[in-house]
Amino acid sequence: MNVAQCPRSPPTAVKRTHKAKRMLGTWRIDSILIRQILQQASCGKRRKFRKHEILYQQGTTSSKFYLILSGLVQVSIVRVDGVEVVLEYMGPETICGEGAAFDCLPKFSSAVAVEDTETIEFDAARLEAVFRLHPEFASALLRVTSLKQRVLAVRLEHLSSRSPEVRIMDLLQRLQEMFAIDYGGARLLVTHLTHEQIAAMTGTSRVTVTRSMRWLRDQGQIDIIDGHILVKTQRQ
């Protein structure tokens, strides 16, 4: 069945799991790495954050970083011109704040709970002995940090040199690799993003996102199925 023949509503699994079109996040970590990190959960402590509560703030110095167990955290930076740019929405089984926790320099981003969130708080200053006993823990953290830096570098390149439509498609293509199901020869995103959230992540405005999404639909690159984005083109 081709995309043109698809029914105009998402599969039953999507309806059942995402009745409220819930944001699941924009980042996912390989399950093997998460298991290696969770095995050392006893080295940290559980912390809960209420909706809108700050985990850490841009410009502050702290050796703490967080493994998210449940909830959702927005990670963003404020540019020198005062504009806030959202880097990621971190859902369950993701990590944030680890980079600056180890280099002891001011954090380059802020993290705030979008909804009630439960985490394991690690203190990088207390992990040296743990790393000696469990080098796979250190290796997992290093791999996660390296991958995040690579994705961030690509995003920064796109923000400075590409059109809004290309930036949006870059974001959607990345999300379909992590949060999508096969649907009529295309990929249906099961994590829900508003136009405001897409704008914040692509350095555009909500109006520009709305216009660009309409253009992408007209070009046959995406479709909207009951509020979910259907990505028709695949990353090469």
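An account of the accompanying structure is given in this report.

With respect to the packing of helix H7 (residues 195-202) against helix H8 (residues 206-218)
Running from N to C, H7 and H8 cross one another at 105°; their axes reach a closest spacing of 8 Å. Comparing the axis directions of H7 and H8 gives the class roughly perpendicular. From H7, His195, Glu196, Ile198, Ala199 and Thr202 reach across to H8, where they touch Arg206, Val209, Thr210 and Met213. When its residues are assigned to classes, the contact of H7 with H8 shows four nonpolar, three polar and two charged.

Thoughts on the packing of aromatic side chains
Taken as a whole, this structure holds seven aromatic pairs when the rule is applied. An angle of 15° between the planes, with centres 6.4 Å apart, marks the rings of Tyr56 and Tyr66 as stacked. One end of the pair, Tyr56, is in strand S2 (residues 54-56); the other, Tyr66, is in strand S3 (residues 64-70), and ten residues separate them in sequence. Accessibility expressed as a relative area gives 3% for Tyr66, which makes it buried. Here the aromatic cluster, defined as three or more aromatic residues joined through ring pairs, consists of Phe65, Phe102, Phe122, Phe131 and Phe137. The ring of Tyr56 carries the charged tip of Lys107 above its face, separated from the ring centre by 4.7 Å.

What about the nonpolar core?
The biggest cluster of nonpolar side chains holds 33 residues, and the ones touching the most others in it are Ile37, Leu55, Phe65, Val73, Val75, Cys96 and Phe122. Tallying contributions element by element places helix H5 (residues 135-161) first for this core, with five residues. Val86, Ile168, Met178 and Ile198 belong to the second largest nonpolar core, which has 26 residues in total.

Things to note about the pairing of strand S4 (residues 73-78)
Most of S4 is tucked away: five of the six residues are buried. In this sheet, strand S5 (residues 84-90) lies alongside S4 in antiparallel orientation, the contact comprising six bridges. Across the sheet, Val73 pairs through a bridge with Met90, a residue of S5. The hairpin turn running from S4 into S5, its antiparallel successor, is five residues long, and Gly82 in that turn takes a positive phi close to 90°. With four bridges joining them, S4 and strand S7 (residues 110-113) adopt antiparallel strand pairing.

So, the sheet that holds strand S1 (residues 45-49)
One open sheet holds the four strands; their spatial order is S1-S8-S3-S6, and the pairing between them is antiparallel. The strands lining the two open edges of the sheet, one partner per strand, are S1 and strand S6 (94-96). Direction aside, the axes of adjacent strands within the sheet are offset by 35° on average. Sheet analysis places S1 next to strand S8 (residues 117-123), joined by five bridges and oriented antiparallel. Directly across from Lys48, in S8, lies its bridge partner Glu118. Sitting on the sheet, helix H2 (residues 31-38) is in contact with S3, S6 and S8, with an inclination near 115° to S3.

Calculation notes
- Residues numbered from 1 in each chain as written.
- Predicted model: local features only at pLDDT ≥ 70, side-chain atom pairs only at ≥ 80, totals over all residues.
- Heavy atoms only, no water.
- Axes fitted to C-alpha atoms, helices over the stretch in contact; angles between N-to-C directions.
- Helix = DSSP H or I, 4+ residues; strand = E, 2+ residues; numbered from the N terminus.
- Parallel < 35°, antiparallel > 145°, perpendicular 65-115°, else oblique.
- Contact = heavy atoms within 4.5 Å.
- Nonpolar A, V, L, I, M, F, W, Y, C, P; charged D, E, K, R; others polar.
- Phe/Tyr/Trp six-rings, centres within 6.5 Å; stacked < 30°, edge-to-face > 60°.
- Buried < 20%, exposed > 50% of the residue type's maximum accessible area, 1.4 Å probe, protein only.
- Lys NZ or Arg CZ within 6 Å of the ring centre and 35° of its normal.
- Core = buried A, V, L, I, M, F, W, Y, C linked by side-chain atoms within 4.5 Å.
- Pairing = 2+ DSSP bridges.

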